[in-house]
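# Coordinates in review
These are the residues of each chain, in order.
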Amino acid sequence: MSFREALLTGLAPDGGLYLPVRIPELPMFATPGRRAGGRGVGERDFRETARKVLSVWLDGILDGNALGDLVDDAFDFPVPIVPVQGLDQTFVLELFHGPTLSFKDFGARFLGRMLGELTREPVTILVATSGDTGSAVADGCSGIPGVRVVLLYPKGQVSPTQERQLMVDRPGVTAVRINGSFDDCQRMVKGAFSHPALDGLRLTTANSINIGRLLPQMVYYIHTALQFERPPLFVVPSGNLGNLTAGVMAGHSGMAAAGFVAAHNENDFFPRWLADRTARFAPSRQTLSNAMDVGAPSNFERLEHLFRAAGAHASVQAVRVSDAATTHTMRLLWERHGYLADPHTAVGLTAILNPSHSSVQIANRTCPVVVLSTAHPAKFPEIVKSATGQTPDVPVQLAQLEGAATRVRDMDADGDHVAELIRSIY
Ligand SMILES: *Cc1c(COP(=O)(O)O)cnc(C)c1O
């Protein structure tokens, strides 16, 4: 299977996930002494690192100039590594400065542009969403020639801020509010791939099962590792495990890391599995960090494969964090360290602020710790306010949505209706 086909189809015909046959060693790590990066090395610019990393993966697919333009266009926002005041060697990698204020912007913006480059016929991206993916894909893929987006979300089950982000009228994007649950939305998306009325149309999905979303996520791990003298420990707030998989893939391509900690909320399949390989998926439970409410992580089989291929699991640990501990961390972090975190990031920060919460021995660590911050606190103002008493400042990306034109269709949870809609806009 070519990379192009894998990207365009998203999922393999047998329902499996695509993985690279070989993970290429990155030249930037080939010189001894450079493995851990270090300040002298000078890879300070995110886009510069993105060009170097992605050119290895996209060799023969996209030429250097096209890739350079794509990178400049997709990643046109800052990616700061912020030290936490009063905590030694502890940093937050803020991945939420893109247009929809979550790390999903990296994958969605890159994937949309790659689809635009690679497709010779119109392609329709279908997304079922209950949170950050929908708005990131809608925004990231809007206006790209040949690319349309149909996003389905469950009525009454997304937050007001999230719904405003989903409903904004964007060229090439059709938002559909389904009279049903998130599971109904997901079933409708899956059903569309085998619906007879859609035979022969180019459909794909932009959920994190698409390999095209993982590549740009590797870049911010590598960018970060290059800033430190010593290999850092990465703490990754996790749900479907796409973000963690990207980090592990970066490790396989030569990046030195002290390890990875997957921080989960009460949906704790992965921590249970690391402790006991007979652990099973479980139904998802609602928590304060709703983008991580995943009982059956979709990237798990990729991760398991990477573990088996290289025995990398030795460097991966996982923790389970309760809502009570998450709220406590948000308050502590604000009061003692002056940092306002969203509930997802707070799950990650709990692993270092409250080691009793984990089996992880990071209390006596000697390496820098980098917690990936996956969303802006202003996306969850109610939770942040009740935990800290603070109302997060509204960033310009959200302020712009006030008064913006909206367009949304209402639909019953019926596969024929959605097929009809896809046909009508194709
Ligand atoms: C999607 C998401 C996550 C979980 O990421 P995975 O790659 O699914 O593990 C964490 N935080 C936020 C804010 C998200 O939107």
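Let us look at the structure shown here. A quick note: this is a predicted structure, and the numbers were derived from the prediction, not measured.

### Quick word on the overall build of the chain
- Of the regular secondary structure elements, the chain holds 16 helices and eleven strands.
- Since a compact globule built from 426 residues should have a radius of gyration of about 22 Å, the 21 Å found for the chain is in line with a globular shape.
- Within the chain, the fraction of its 426 residues that count as buried is 57%.
- The contacts in the chain between residues at least 6 apart in sequence include a share of 77% that link residues at least 24 apart.
- Averaging the positions of the 38 positive and the 42 negative side-chain charges in the chain gives two centres separated by 3 Å.

### Notes on the packing of aromatic side chains
- The full count for this structure, using the stated rule, is 16 aromatic pairs.
- Between the aromatic rings of Tyr221 and Phe260, the centroid separation amounts to 6.0 Å while the plane-to-plane angle is 65°, which identifies the pairing as edge-to-face. Residue Tyr221 is located in helix H8 (residues 211-225), and its partner Phe260 is located in strand S8 (residues 259-264); the two are separated by 39 residues in the primary sequence. The exposure classification of Tyr221 matches that of Phe260, with both residues buried.
- An aromatic cluster is present here, built from Phe46, Phe75, Phe77, Phe106, Tyr220, Tyr221, Phe234 and Phe260 joined pairwise through their rings.
- Lying across the ring of Trp273, Arg277 places its NZ or CZ 4.0 Å from the centre.

### Digging into the pattern of salt bridges
- All chains considered together, the criterion is met by 19 salt bridges.
- Here Arg4 ties to Glu5 by a salt bridge, and the two come within 3.6 Å at their closest N and O atoms.
- Measuring nitrogen to oxygen at the nearest pair gives 2.7 Å for the salt bridge that ties Arg113 to Asp73. In this pair, Arg113 is assigned in helix H4 (residues 104-118) and Asp73 in helix H3 (residues 64-74), connecting sequence segments 40 residues apart.
- Taking relative accessible area as the criterion, Asp73 reaches 40% and is therefore assigned partly exposed.

### With respect to the side chain of Arg302
- Position of Arg302 among the secondary structure elements: in helix H11 (residues 300-310).
- Polar contacts involving the side chain of Arg302 include one to the side chain of Asn299, which spans 2.7 Å.

### Focus: the sheet that holds strand S9 (residues 316-320)
- Reading across the sheet, the six strands line up as S1-S2-S10-S7-S8-S9 and stay open at both edges, with mixed pairing between neighbours. Two strands close off the open sheet at either side, each with one partner strand: strand S1 (81-83) and S9. For this sheet, the mean angle separating the axes of adjacent strands, direction not counted, is 25°.
- This element, H8, spans S1, strand S2 (90-94), strand S7 (233-237), S8 and strand S10 (369-373) of the sheet and lies at about 150° to S7.

### Topic: the packing of helix H9 (residues 242-252) against H11
- Two elements in contact, H9 and H11, have axes whose closest approach is 10 Å; the angle formed by their N-to-C orientations is 25°. By the angle class used here, H9 and H11 are roughly parallel. The hand of the H9/H11 crossing is left-handed. Every residue of H11 that contacts H9 at Leu244, Thr245, Val248, Met249 and His252 is listed here: Arg302, Leu303, Leu306 and Ala310.
- A class-by-class count of the residues in the contact of H9 with H11 yields six nonpolar, two polar and one charged.

### Notes on the site of the ligand
- If you check the shell around the ligand, you find 15 residues, and the closest are Lys104, Asp132, Gly239, Asn240 and Thr374.
- At 2.8 Å, a backbone N or O of Asn240 approaches an oxygen atom of the ligand.
- Separating a nitrogen atom of the ligand from a side-chain N or O atom of Thr374 is a distance of 2.8 Å.
- Compared with its free state, where it exposes 380 Å², the ligand has 97% of that area covered by protein.
- A breakdown of the residues in the shell around the ligand according to their chemical character gives six nonpolar, seven polar and two charged.

### Observations concerning unusual backbone geometry
- At Gln89, a position not held by glycine, the phi torsion is positive, near 55°.
- If you trace the backbone, Gln89 turns up in the loop between S1 and S2.
- Residue classification places Gln89 among the partly exposed positions, given a relative accessible area of 32%.

### Things to note about H11
- Every buried residue belonging to H11 is among Phe300, Arg302, Leu303, Leu306 and Phe307, and all of these are buried. Along the axis of H11, the buried residues cluster in a sector spanning 160°; they form a single face. Of the exposed residues in H11, those oriented more than 90 degrees away from the buried face are Arg308 and Ala309.
- Taken together, the buried residues of H11 touch H8, H9, helix H10 (269-275) and S9.

### Focus: the environment of Leu17
- One can find Leu17 in the loop between helix H1 (3-9) and helix H2 (46-57).
- Sequence separation between Leu17 and Asn210 is 193 residues, and the spatial gap between their C-alpha atoms is 7.8 Å.
- Dropping the residues within four chain positions of it, Leu17 is found in contact with Leu11, Ile209, Ser298, Asn299, Glu301 and Arg302.

### Focus on the nonpolar core
- Core analysis: the largest hydrophobic core is formed by 87 residues, its most contacted members being Leu54, Leu58, Tyr221, Leu244 and Phe270.
- The element that contributes the greatest number of residues to this core is H8, accounting for nine residues.
- The next biggest cluster of nonpolar side chains, apart from the first, holds 21 residues, and it includes Val92, Val261, Ala351 and Ile352.

What counts as what
- Residue positions are given per chain, counting from 1 as you read along its sequence in written order.
- In keeping with the model being predicted, local features are shown solely for residues with a pLDDT of at least 70 and side-chain atom pairs are shown and tallied solely at 80 or more, while totals for entire chains, interfaces and linings include all residues.
- Note that water and hydrogens are dropped before the side-chain values are worked out from all heavy atoms of the structure.
- Runs of H or I in DSSP of at least four residues are treated as helices and runs of E of at least two as strands, each being numbered from the N terminus.
- Every radius of gyration here is taken over C-alpha atoms, with the globule rule written as 2.2 Å times N^0.38, N being the number of residues.
- Exposed residues in this analysis have more than 50% of their type's maximum accessible area, buried residues have under 20%, and partly exposed residues fall in between, with area computed by a 1.4 Å probe over protein chains only.
- The contact criterion used throughout is that any non-hydrogen atoms of two residues lie within 4.5 Å.
- Neither His nor the chain termini are counted; the positive set is Lys and Arg, and the negative set is Asp and Glu.
- To locate a charge, the coordinates of NZ of Lys, CZ of Arg, CG of Asp or CD of Glu are taken.
- Any Phe, Tyr or Trp ring, taking Trp's six-membered ring, that has another such ring centre within 6.5 Å forms a pair; planes under 30 degrees apart are called stacked, those over 60 apart edge-to-face, and the others tilted.
- Only when the NZ of Lys or the CZ of Arg is both within 6 Å of the ring centre and within 35 degrees of the ring normal is a charge said to sit over the ring.
- Basic side-chain nitrogens of Lys or Arg form a salt bridge, by our definition, when they fall within 4 Å of a carboxyl oxygen of Asp or Glu.
- N or O atoms closer than or at 3.5 Å make up a polar contact, with two conditions inside protein: a donor-capable atom paired with an acceptor-capable one, and, for residues adjacent in sequence, both atoms drawn from side chains.
- Pairing between two strands is assigned when DSSP locates at least 2 bridges connecting them.
- What counts as an axis is a line fitted to C-alpha atoms, over the stretch in contact for a helix, and the angles between N-to-C directions run from 0 to 180 degrees.
- Roughly parallel means an angle under 35 degrees; roughly antiparallel, over 145; roughly perpendicular, 65 to 115; everything else is oblique.
- The sense of a crossing depends on the near helix, which, turned anticlockwise from the far helix by less than a right angle, makes the crossing left-handed and, turned clockwise, makes it right-handed.
- Amino acids outside the nonpolar list (Ala, Val, Leu, Ile, Met, Phe, Trp, Tyr, Cys, Pro) and the charged list (Asp, Glu, Lys, Arg) are all regarded as polar, and Gly is one of them.
- Here a residue is considered near a molecule or strand provided that any single heavy atom belonging to it is located within 4 Å of it.
- Methods summary: accessible areas were calculated by the Shrake-Rupley approach with a probe of 1.4 Å, and residue burial reflects only the protein chains presented.
- Working definition: the arc comes from the directions between the helix axis and the C-beta atoms, pointing outward to the latter.
- What we call a nonpolar core is a set of buried Ala, Val, Leu, Ile, Met, Phe, Trp, Tyr and Cys residues that are connected through their side-chain atoms within 4.5 Å.

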